[in-house]
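Chains, contacts and geometry: an overview
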Amino acid sequence: MQNPTPTRQELSSYFFDRCTPEISNKVERWFFKNGNSQEAKKLLFSLWEELEDNNTSSTSPEEIQAAFEQFKARLLSSAPQENKSKKPNLFLWIQRIAAILILPLIIFSGYLFYQHQKEENIVWIEKSAGYGDIKHITLPDNTTVWLNAGSTIIYPEEFIGRFRQIFFTGEGHFSVAKNKEKPFIIKSNESSIEVLGTQFNLKSYSNDNRIEVALLDGSVAFCYPSTTDQEMKCILSPGEQVYYNRTTHNLEKKNFILSDYSSWKDGKYYFKNETLEDIAKQLERNFDVNIIIKNDSLKQIPYHMAFVNNETLDDILSAMNLDGYLTIKRDGKIIEIY
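All of the points below concern the structure found in this document.

What counts and what doesn't
- Residues numbered from 1 in each chain as written.
- Predicted model: local features only at pLDDT ≥ 70, side-chain atom pairs only at ≥ 80, totals over all residues.
- Heavy atoms only, no water.
- Helix = DSSP H or I, 4+ residues; strand = E, 2+ residues; numbered from the N terminus.
- Buried < 20%, exposed > 50% of the residue type's maximum accessible area, 1.4 Å probe, protein only.
- Contact = heavy atoms within 4.5 Å.
- Areas by Shrake-Rupley, 256 points an atom, 1.4 Å probe, with all protein chains shown as cover.
- Pairing = 2+ DSSP bridges.
- Axes fitted to C-alpha atoms, helices over the stretch in contact; angles between N-to-C directions.
- Phe/Tyr/Trp six-rings, centres within 6.5 Å; stacked < 30°, edge-to-face > 60°.
- Parallel < 35°, antiparallel > 145°, perpendicular 65-115°, else oblique.
- Nonpolar A, V, L, I, M, F, W, Y, C, P; charged D, E, K, R; others polar.

1. Remarks on the overall build of the protein
Of the regular secondary structure elements, the protein holds 8 helices and 18 strands. For the protein, the proportion of its 338 residues judged to be buried stands at 48%. Sequence-distant contacts in the protein: of pairs separated by 6 or more residues, those separated by 24 or more amount to 51%. Element-wise, carbon and sulfur atoms account for 47% of the exposed surface of the protein, whose accessible area totals about 16800 Å².

2. Describing unusual backbone geometry
Despite not being glycine, asparagine 142 shows a phi value in the positive range, around 75 degrees. Residue position: asparagine 142 is located in the loop between β2 (135-138) and β3 (144-147). Although it is not a glycine, aspartate 288 adopts a positive phi angle of roughly 55 degrees. Relative to the helices and strands, aspartate 288 resides in the loop between α7 (276-287) and β15 (290-293).

3. Comments concerning the pairing of strand β9 (residues 210-217)
Across the 8 residues that make up β9, a large majority, 6, are buried. Bridge count between β9 and strand β12 (residues 240-245): 5 bridges; the pairing is antiparallel. Within β12, the residue paired with isoleucine 211 across the bridge is tyrosine 244.

4. Here's the deal with the sheet that holds strand β18 (residues 334-337)
In space, the 3 strands of this open sheet follow the order β15-β18-β17, with mixed pairing throughout. Edge positions in the open sheet fall to β15 and β17 (328-331), since each of these has one partner strand only. Within this sheet the neighbouring strands show an average axis-to-axis angle of 15 degrees, counted without direction. Where β15 lies against β18, 4 bridges are found, and the strand directions are parallel. Bridge pairing in β18 places isoleucine 291 opposite isoleucine 335. Each of β15 and β18 touches α7; the most contacted strand, β15, lies at about 165 degrees to it.

5. Let's talk about the packing of aromatic side chains
In total, this model carries 9 aromatic pairs according to the counting rule given. Geometrically, the ring pair formed by phenylalanine 174 and phenylalanine 200 is stacked, given 5.2 Å between the ring centres and 10 degrees between the ring planes. Linking phenylalanine 174 in strand β5 (residues 164-175) with phenylalanine 200 in strand β8 (residues 199-204), this pair joins segments that are 26 residues apart in sequence. Geometrically, the ring pair formed by tyrosine 224 and tyrosine 244 is tilted, given 5.0 Å between the ring centres and 50 degrees between the ring planes. In this pair, tyrosine 224 is assigned in strand β10 (residues 220-225) and tyrosine 244 in strand β12, connecting sequence segments 20 residues apart. Like tyrosine 224, the residue tyrosine 244 is buried in the burial classification.

6. Points about the packing of α7 against helix α8 (residues 313-320)
Here α7 crosses α8 at 170 degrees, and the two axes come no closer than 12 Å. For the element pair α7 / α8, the angle class is roughly antiparallel. Together, Leu276, Ile279, Leu283 and Phe287 of α7 and Leu313, Ile316, Leu317 and Met320 of α8 make up the contact between the two elements. Tallied by class, the residues present in the contact of α7 with α8 amount to 8 nonpolar, no polar and no charged.

Nothing here speaks to function; it is geometry throughout.
Right, dumping it as structure tokens:
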């Protein structure tokens, strides 16, 4: 008899240890058999969306961390006796859950992913740029990062070991200090960027469906999961840009003119065949407003526009509605589009 897929509500109740023994057994048996599947990833992402809502309301980061530790322990202890040899694989998969669930939330430091570094007293630093803000930081190896609005970075006080690894969500402009002996690795949502020394822009917001990387100098490898759960790798050269769809796992590579490149950190906005829904998300972050698109049919309207003269939010909205097709009402930080 096939074990049915748990619902999001059942997974949530199991995660917080609030379920019946029957649901607990159902979740454990299904994840032990299907934990590495694409369906499992989608189910975990649906749980992450709920946790993200909780993280801004009643459930504290400490409570979510404690729940995850119990979640991990229960799944490991639930492995059937006849399959104990699979436990190491199950443990590795549970560590992947941490990357799927916990990293996008940025609810506690990177020591969760590398416990041995905690034992070596590594201090993790978390910095964020709030909505309407841009922040410039320098990492311990002299790598510099511009954080766009709504972005968060977690990095160690000192890089030790074979890699310089950080955790990131949002949009950042990176100038990575060269060190051939110690590659620089960015973990962001389900993807990663491997770097030796280079300059590039990474856009990887946890609530966006697309991840973008634009390479200005040097070389980077963009690593991402495929539909078969295999990790794929795409090598970029200067002047190349990739777009990765997190739902379909499709990757698109394009060229851009390096001499023409400028970005958000210079107060410039480029919308290249982007939908109104995606543009609204970016404007919300950069101008610290709440944009509500009241008509779903408007969300997929594509725009191809550039704003390079420090235009205000009202300037941008007016330009996007030159044909009068939209009705835009603004009341302070609340903007409604019909």
